[in-house]
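Okay, here's what each chain looks like letter by letter:
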Amino acid sequence: MGFWDALLGRSKPVRPDLDRLFGLPGAAVSLEAGAGFTPTGQGSVCFASVEGGAFSQLQRDVRELLDADTDRGGVPVEFSQDAYGFTWLLARQPPDDVAALVNDLHAVNSLLQDGGFGPQLLCSLIGFRDAAGRSLALVYLYKRGTFYPFAPLPGGTERRDNALELQVRALLGDDLRIEKELSRWFPVWGAPGL
């Protein structure tokens, strides 16, 4: 970073570090012990779709990789599109195997990144629930290399439980690199896996 960049407040973007996803199993233990939230066994990756044969082939490769265990009782991955045109891939594993779910999400992110589609990656998330039925997601922002909690209030009103999000931020500060700028804690209403 040069003198003018520092003077004008510009900074270099953080390089994504997909290995930070491997901090999620430890964070899941802290989240259960500290706030009573347990994993749902569902996680998803969001990316901007691109037209073309290379991207279509990459989607087929991702599906083939993650669906390899369907003959042994594994659940196939699902692709969907949201109202904004972003593509979501939903992966499922047993709720007590967060590490397997993280491996699936890491594999999807890595395949997209290695295939030259890293700029299309937006976020990944893993869902949690507590005994009262409240939902929570830990969201990884690909372009920022950080996590944040997202806690929608029940009832489909598109309102958030800000107090819970701040509680989770404080709880997981030692487990994950939490996004410091609250304005970057984007809502992911209706995200698969939440």
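These figures come from a predicted structure and were not determined experimentally.

S.K.: Any chance you could explain the layout of surface pockets here in plain terms?
M.R.: Any space left empty among the atoms is revealed by the rolling of a water-sized probe across them. Roughly 500 Å³ of internal volume is contained in the largest pocket. Surrounding the largest pocket, 22 residues form its lining, Phe86, Cys123, Phe186, Pro187 and Val188 being those nearest its centre. Residue assignment for the lining of the largest pocket shows that the elements contributing at least two residues are β3 (86-92), β4 (121-129) and β5 (135-141). If you tally residues by element for the lining of the largest pocket, the top one is β4, at 3 residues.

S.K.: Which parts of the structure should I look at to understand the packing of helix α2 (residues 24-35) against helix α4 (residues 98-117)?
M.R.: For any two helices packed against each other, the geometry comes down to the angle between their axes and how far apart the axes lie. Put simply, α2 and α4 touch, their axes get as near as 9 Å, and they point 140° apart. It follows from the interaxial angle that α2 and α4 lie oblique. Relative to α4, α2 is oriented so that their crossing is right-handed. Residues Leu24, Pro25 and Ala28 of α2 form the contact with α4, whose own contacting residues are Val98, Ala99 and Val102. Here the residues of the contact of α2 with α4 sort into 6 nonpolar, no polar and no charged.

S.K.: Sorry, what's going on with the pairing of strand β2 (residues 78-81) here?
M.R.: Bridge analysis of β2 against β3 gives 4 bridges, and the strand direction is antiparallel. Its bridge partner lying in β3, Phe79 is registered against Leu89. Counting the residues that bridge the hairpin from β2 to β3 gives 4 residues, and of these Gly85 lies at a positive phi of roughly 90°.

S.K.: Looking at this structure, how should I read the nonpolar core?
M.R.: Side chains that are nonpolar tend, in soluble globular proteins, to be buried together. Ranked by size, the top nonpolar core spans 49 residues in total, and within it Leu31 and Leu138 carry the most contacts. For this core, the element with the highest residue contribution is α4, accounting for 7 residues. The contact partners of Leu138, leaving out residues within four places of it in the chain, are Leu24, Ala27, Leu31, Ser124, Leu125, Ile126, Phe128, Tyr148, Pro149, Val168, Leu172 and Leu176.

S.K.: What should I look at first to understand α2 in this one?
M.R.: Each full turn of the α-helix corresponds to 3.6 residues, which orients residues three or four apart in the same direction. Its 12 residues place the ends of α2 15 Å apart at the C-alpha level, agreeing with the 16 Å of an ideal helix rising 1.5 Å per residue. Every buried residue belonging to α2 is among Leu24, Ala27, Ala28, Leu31 and Ala35, and all of these are buried. The buried residues of α2 all sit within an arc of 105° when viewed along its axis, so they share a single face. Exposed residues lying more than 90 degrees from the buried face of α2 are Val29 and Ala33.

S.K.: What is the right way to read the pattern of salt bridges from this model?
M.R.: In a structure, side chains of opposite charge can pair up when their charged atoms sit close to one another. All chains considered together, the criterion is met by 7 salt bridges. Where Arg144 meets Glu179, a salt bridge forms, and the shortest distance between an N and an O atom there is 2.9 Å. With Arg144 in the loop between β5 and β6 (146-150) and Glu179 in the segment after α5 (162-172), this pair connects stretches of sequence that are 35 residues apart. With relative accessibility at 25%, the residue Arg144 sits in the partly exposed group. Residue class for Glu179 comes out buried when judged on its relative accessible area of 2%.

The rules behind the values
- Residues numbered from 1 in each chain as written.
- Predicted model: local features only at pLDDT ≥ 70, side-chain atom pairs only at ≥ 80, totals over all residues.
- Heavy atoms only, no water.
- 1 Å grid on protein atoms, 1.4 Å probe; cavity = no way out; pocket = protein on both sides within 12 Å on 5 of 7 lines; lining within 4 Å.
- Points joined across faces, edges and corners; volume = space filled by probe spheres on them.
- Helix = DSSP H or I, 4+ residues; strand = E, 2+ residues; numbered from the N terminus.
- Axes fitted to C-alpha atoms, helices over the stretch in contact; angles between N-to-C directions.
- Parallel < 35°, antiparallel > 145°, perpendicular 65-115°, else oblique.
- Left-handed = near helix turned anticlockwise from the far one by under 90°.
- Contact = heavy atoms within 4.5 Å.
- Nonpolar A, V, L, I, M, F, W, Y, C, P; charged D, E, K, R; others polar.
- Pairing = 2+ DSSP bridges.
- Core = buried A, V, L, I, M, F, W, Y, C linked by side-chain atoms within 4.5 Å.
- Buried < 20%, exposed > 50% of the residue type's maximum accessible area, 1.4 Å probe, protein only.
- Expected span 1.5 Å × (residues − 1).
- Arc of directions from axis to C-beta.
- Salt bridge = Lys/Arg side-chain N within 4 Å of Asp/Glu carboxyl O.

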